[in-house]
Amino acid sequence: MSTLTTPNPLMQLLRRRYPDITGKSLLQSITLPALGIAVFLVLWHLVAPQIDTSLGQFPTPANVWEQAGQLWDEHESEQARAAKFMDMQEARNARILAENPEAETRMRSYPGAPTFIDQIGTSLVTVLAGFLLATAIAVPLGILIGLNRYFAAATNPIIQILKPVSPLAWLPLVTMVVSATYVSDDPMFEKAFITSMITVTLCSLWPTLINTATGVSQVNPDLVNVSKVLQLPFWTHARKVVLPGAVPMIFTGLRVSLGIAWMVLIAAEMLAQNPGLGKFVWDEFQNGSSASLSRIMVAVITIGLIGYLLDRVMLLIQRKVAWDE
Amino acid sequence: MSKPHLELTGVSMSFDTPQGSFQALDTINLKIAKGEFVSLIGHSGCGKSTVLNIVAGLLQASKGGCILDGQEVNSPGPERAVVFQHHALMPWLTVYENVELAVKQVFRKTMSKQERRDWIQHNLELVNMAHAAHKRPGEISGGMAQRVGIARALSMRPRVLLMDEPFGALDALTRAHLQDALMNIQQDLNSTVIMITHDVDEAVLLSDRIVMMTNGPAATVGEELRIDLPRPRNRVTLADDPEYVHYRQAVLRFLYEKQRFPGKSEKAEAGDEVSTPAEQPAVAEIIQREPGSIDSSAHTDKEKAAVIEHS
Ligand SMILES: Nc1ncnc2c1ncn2[C@@H]1O[C@H](COP(=O)(O)OP(=O)(O)OP(=O)(O)O)[C@@H](O)[C@H]1O
Ligand SMILES: [Mg+2]
């Protein structure tokens, strides 16, 4: 009897997060997705051997899993080597200083190629930088457009035309402009980083911009009238009345923007040979070893997972910030 | 005669619509004394909100204007506080913060932080809402939210309080409570109030004067009725008061007899006798049924009863 009522911690957790789920649908909410994934893997496993490419057979789930382990091992050994390299330098510097305390010592960073994990890090930093820049432009601009219908009418055609432009079209222009204008002897950022970031910004700011403008213009007119009766100054009006009212719409826009930013970034890295996951895919493609396709598949799944996680994080932030959730 | 506190002179209003210009109001003249409680009553769509919005400064009259204490009104301001039909509280601010937004803005120069805090608290207590100060509008009932809306308006210490169907969305009991609360507050503060209402009892109970508007388009003031009932007024004892009943009937008569037919009343009334082209009786019928529908159905019921008795 008591064994039957022993609470299952996973079920408890799920029930706490989704209090309205009953036992039956709770089961469904776990088993059905699991079943879906299983069917997908089986189909993949069956279909993959039928596809022959010049680099060999299309990888099966097992191949991909193996390469994922491989990539992780490579990362670990590379890190160990980097640590050793640093240790050696430190030891050498200590020796030099012992002989001659006046001597100038130098530390060089590890010259090894970036691993898959490093590339993920680079891509994440780039996408977040581009997305933050896009947000910093789109939200204030969207508020102005939403508040002033003359300004909205004036900017509308430009927004409509620039919105559908593909990152591939922007990239050459951005690359050239960055090369020409971003010159410094000791650059804080790599040029490639700036190029990718700006391309991401240019492509991802539109949904946030349009949603902010729409959200702002749709704020309850009664509330706007309250603000008028109170004679709130412009900034108080924007901060206390308009912005909170538009927050749900803004966040919907931000989530779409972040999704686009992530997609654009991979394309930009691939085409421009900027470091990151896109470059990893491209390098593997050029490399053409028998493991390449599996490794690319690892990257594909990673890209998908990270995209999904980014969206979940935005959703969590939205729940914290928005008053209606 | 001394100058009136609030004066509307020759106020006309036309709206630009896709179908061309639409004249909603025509030459409205109204003088309101300080401390007077005036109700605006009229059929739906006649232009009551438009009048109120012009006084609030949220709309600009196309002709004529509004003068408050010798100054022309041409923009909204906190000395003419508005209570909206649907409370219009910021849903992301608590009850306290909603009132604070107003108090901070209006008294930022004249009150210290502590004074402001006390003043917000005082106004919340006035409407019996201090206990819910830290709740959001979504967490309180419609009647409570409406009280907060009134507290916010009162907290601006307005010279005129403008209320657009403040109790329209509430159930009868809550409405009665709020009417009593409003009566008490108004008597204490002696504020000038213009209130729009559809409720004849509410108008007679609360007002010093009822301004009845004719049907639109081009609506104007049809009749004015001074309510000389002594204050404080009690709804229960008034119910049988012959004077109260008389006032009530006067308003009803205006609304349901003189203004019975929205639009062209004579023609519709004559519709039964005059023979009209094929499609016109239908129109006349619809116009006639709408406001008087209760009467006409009662009539047919009586006839039915008579038939049954005979058989
Ligand atoms: N901005 C506007 N543009 C065009 N027409 C308007 C506008 N505002 C109001 N009207 C018209 O003016 C007339 C009066 O409107 P108003 O809202 O003042 O009526 P009301 O008496 O308050 O009605 P209700 O009792 O239903 O609230 C209506 O016929 C309405 O359609
Ligand atoms: Mg109205």
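Think of each chain on its own: its residues are numbered from 1, step by step along the sequence as written. The order in which chains are written sets their letters, starting at A; the order in which ligands are written sets their numbers, starting at 1. Residues qualify for local features only when their pLDDT is at least 70, as the model is predicted, and side-chain atom pairs are given and counted only at 80 or more; totals for whole chains, interfaces and linings, by contrast, use all residues. Computation of side-chain values covers all heavy atoms of the structure but excludes hydrogens and water.

Draft legend 1. Fine view of the overall build of chain B. Runs of E in the DSSP output that reach at least two residues are strands. Runs of H or I that reach at least four are helices, and both are numbered from the N terminus. Of the regular secondary structure elements, chain B holds 10 helices and 10 strands. By definition, residues are in contact when any of their heavy atoms lie within 4.5 Å. By sequence separation, contacts in chain B at least 24 residues apart represent 68% of the contacts at least 6 residues apart. The accessible surface values rely on the Shrake-Rupley method and a 1.4 Å probe; as for residues, cover is taken only from the protein chains in view. As displayed, chain B offers around 16000 Å² of accessible surface, 51% of which is attributable to carbon and sulfur atoms.

Draft legend 2. Fine view of the sheet that holds strand β5 (residues 71-72) of chain B. Residue and element names in this part refer to chain B. The antiparallel open sheet is built from four strands, whose spatial order is β2-β1-β4-β5. Here the strands that pair on one side only, and so sit at the sheet edges, are β2 (20-32) and β5. Note: strand β1 (residues 6-17) against β2, nine bridges, orientation antiparallel. From the neighbouring strand, Asp 16 faces β2, where its bridge partner is Ser 21. Convention adopted: a line fitted to C-alpha atoms gives each axis, helices being fitted over their contacting stretch, and angles between N-to-C directions are expressed from 0 to 180 degrees. This element, helix α1 (residues 48-56), spans β1, β2 and β4 (63-68) of the sheet and lies at about 115 degrees to β1. The rule for pairing is simple: two strands pair if DSSP sees at least two bridges between them.

Draft legend 3. Quick look at the side chain of Arg175(B). Locating Arg175(B) in the fold gives a position in helix α5 (residues 172-189). Not counting chain neighbours up to four residues away, the residues in contact with Arg175(B) comprise Phe167(B), Gly168(B), Leu170(B), Asp199(B) and Glu202(B).

Draft legend 4. Just the pattern of salt bridges, in detail. Residues and elements named next belong to chain B. Think of a salt bridge as a Lys or Arg side-chain nitrogen and an Asp or Glu carboxyl oxygen that are within 4 Å of each other. By the definition in use, this model includes 16 salt bridges over all chains. The salt bridge involving Glu 7 is made with Lys 31; its shortest N-O contact spans 4.0 Å. Remark: Lys 31 occurs in strand β2 and Glu 7 occurs in strand β1; sequence separation between them is 24 residues. Exposure is judged per residue with a 1.4 Å probe applied to protein chains only, and the accessible area is read against the type maximum: over 50% gives exposed, under 20% gives buried, and values in between give partly exposed. What makes Lys 31 partly exposed here is its relative accessible area of 45%. A salt bridge links Arg 209 to Glu 224, with the shortest nitrogen-to-oxygen separation between them at 2.5 Å.

Draft legend 5. Structural view of the pairing of strand β8 (residues 192-196) of chain B. All names here are of chain B. For β8, a buried count of five out of five residues is recorded, marking the element as mostly surrounded by other parts of the structure. Side chains Thr 192, Ile 194 and Ile 196 of β8 all project onto a buried face; the interleaved residues Val 193 and Met 195 project onto the opposite face, where all are buried too. Note that strand β3 (residues 37-41) and β8 share four bridges and pair parallel. Each bridged residue has a counterpart across the sheet, and for Phe 37 the counterpart in β8 is Val 193. Here strand β7 (residues 160-164) pairs with β8 via five bridges, running parallel. Of the residues in β8, the one forming a bridge with Asp 164 is Ile 196.

Draft legend 6. Inspection of the site of ligand 1 at higher detail. Residues and elements named next belong to chain B. Taken together, 13 residues are adjacent to ligand 1, and Ser 44, Gly 45, Lys 48, Ser 49 and Thr 50 come closest. By the criterion applied in these results, polar contacts are pairs of N or O atoms within 3.5 Å in which, for protein atoms, one can donate a hydrogen and the other can accept it, and in which residues neighboring in sequence qualify only through two side-chain atoms. Note that an oxygen atom of ligand 1 is positioned 2.9 Å from one of the backbone N or O atoms of Gly 47. For ligand 1, an oxygen atom lies 2.8 Å from a polar atom in the backbone of Lys 48. The fraction of the free accessible surface of ligand 1 (630 Å²) that becomes covered by protein chains is 62%. Within the residue set of the shell around ligand 1, elements represented by two or more residues are β1, β2 and α1. Sort the elements by how many residues they give to the shell around ligand 1 and α1 lands first, with three residues. By the convention adopted, Pro, Cys, Tyr, Trp, Phe, Met, Ile, Leu, Val and Ala count as nonpolar, Lys, Arg, Asp and Glu as charged, and the other residues, Gly among them, as polar. Grouping the constituent residues of the shell around ligand 1 by class yields four nonpolar, seven polar and two charged. We call a residue near a molecule or strand as soon as one heavy atom of that residue lies within 4 Å of the molecule or strand.

Draft legend 7. Here's a closer look at the interface of chain A and chain B. Contact residues are listed per partner, giving 15 residues for chain A and 21 residues for chain B. Of the roughly 1700 Å² buried at the junction of chain A and chain B (both faces included), carbon and sulfur atoms supply 76%. A 1.4 Å probe defines the accessible area here, and the buried area is the portion of it lost by two parts on being joined, summed over both. Contact with chain B buries surface across chain A, with Val229(A), Leu230(A) and Trp323(A) losing the most and accounting together for 37% of the total. Between the two partners, chain A and chain B, sit zero salt bridges. Put simply, chain A and chain B have three residue pairs in polar contact (both at pLDDT 80 or more) between them.

Draft legend 8. Fine view of the sheet that holds strand β9 (residues 209-213) of chain B. Residues and elements named next belong to chain B. The strand order across the open sheet built from six strands is β6-β7-β8-β3-β9-β10, with neighbouring strands paired in mixed fashion. The strands lining the two open edges of the sheet, one partner per strand, are β6 (80-83) and β10 (221-226). Taken pair by pair, the neighbouring strands of this sheet meet at an average axis angle of 20 degrees, ignoring direction. Relative to β9, β3 runs parallel, the two sharing four bridges. The residue bridging Ser 39 from the neighbouring strand is Ile 210, located in β9. Across the sheet, helix α8 (residues 242-258) is in contact with β3, β9 and β10; its angle to β10 comes to roughly 170 degrees.

Draft legend 9. Expanded view of the packing of aromatic side chains. Only Phe, Tyr and Trp rings are paired, with Trp represented by its six-membered ring, and only when their centres lie within 6.5 Å; those with planes under 30 degrees apart are stacked, over 60 edge-to-face, the remainder tilted. Counted according to the given criterion, the structure contains five aromatic pairs over all chains. Ring centres 6.3 Å apart and planes at 85 degrees place the aromatic pair Phe107(B) and Trp119(B) in the edge-to-face group. Of this pair, Phe107(B) sits in helix α2 (residues 95-107) while Trp119(B) sits in helix α3 (residues 113-126), placing them 12 residues apart in sequence. Accessibility classification places Phe107(B) together with Trp119(B) in one group, the buried group. The lysine or arginine in question, Arg149(A), covers the ring of Tyr150(A), its NZ or CZ lying 5.2 Å from the ring centre. Sitting over a ring, as applied to charges here, requires NZ of Lys or CZ of Arg to be within 6 Å of the ring centre and within 35 degrees of the ring normal.

Draft legend 10. The nonpolar core, seen in detail. Counting residues in each nonpolar core, the largest one holds 97 residues, and the members touching the most others are Leu25(B), Leu124(B), Ile194(B), Val204(B), Ile210(B) and Val251(B). Setting aside anything within four residues of it in sequence, one finds Ile194(B) in contact with Leu6(B), Ile32(B), Val38(B), Leu40(B), Leu52(B), Val55(B), Val160(B), Leu161(B), Leu162(B) and Met163(B). Residues grouped as a nonpolar core are buried Ala, Val, Leu, Ile, Met, Phe, Trp, Tyr and Cys residues, joined through side-chain atoms within 4.5 Å.

Draft legend 11. The arrangement of the confidence of the model for chain B in detail. Residue and element names in this part refer to chain B. For chain B, per-residue confidence averages 83 on the pLDDT scale, and residues scoring 70 or more make up 82% of the total. As a per-residue measure, pLDDT reflects the predictor's confidence and takes values from 0 up to 100. The low-confidence segment residues 263-311 (pLDDT under 50) makes 14 contacts with residues lying over four places distant or belonging to another chain. Predicted complex metrics record ipTM = 0.79 and pTM = 0.75.

Draft legend 12. Quick look at a nonpolar patch on the surface. Residue and element names in this part refer to chain A. A patch is a set of surface residues, each over 30% in relative accessible area and not in a salt bridge, joined within 9 Å for like charges and within 5 Å for the nonpolar side chains Val, Leu, Ile, Met, Phe, Trp and Tyr. Residues Leu 133, Ile 137, Leu 141, Leu 144, Leu 147, Phe 151, Phe 234 and Trp 235 make up a contiguous nonpolar surface patch of about 690 Å² in total accessible area. Broken down by secondary-structure element, the contributors of at least two residues to the nonpolar patch are α5 (116-147) and α10 (234-272). In terms of residues, the nonpolar patch owes the most to one element, α5, which gives five residues. Examined against the element boundaries, Leu 141 turns out to sit in helix α5. The exposure class of Leu 141 is partly exposed, given its relative accessible area of 32%.

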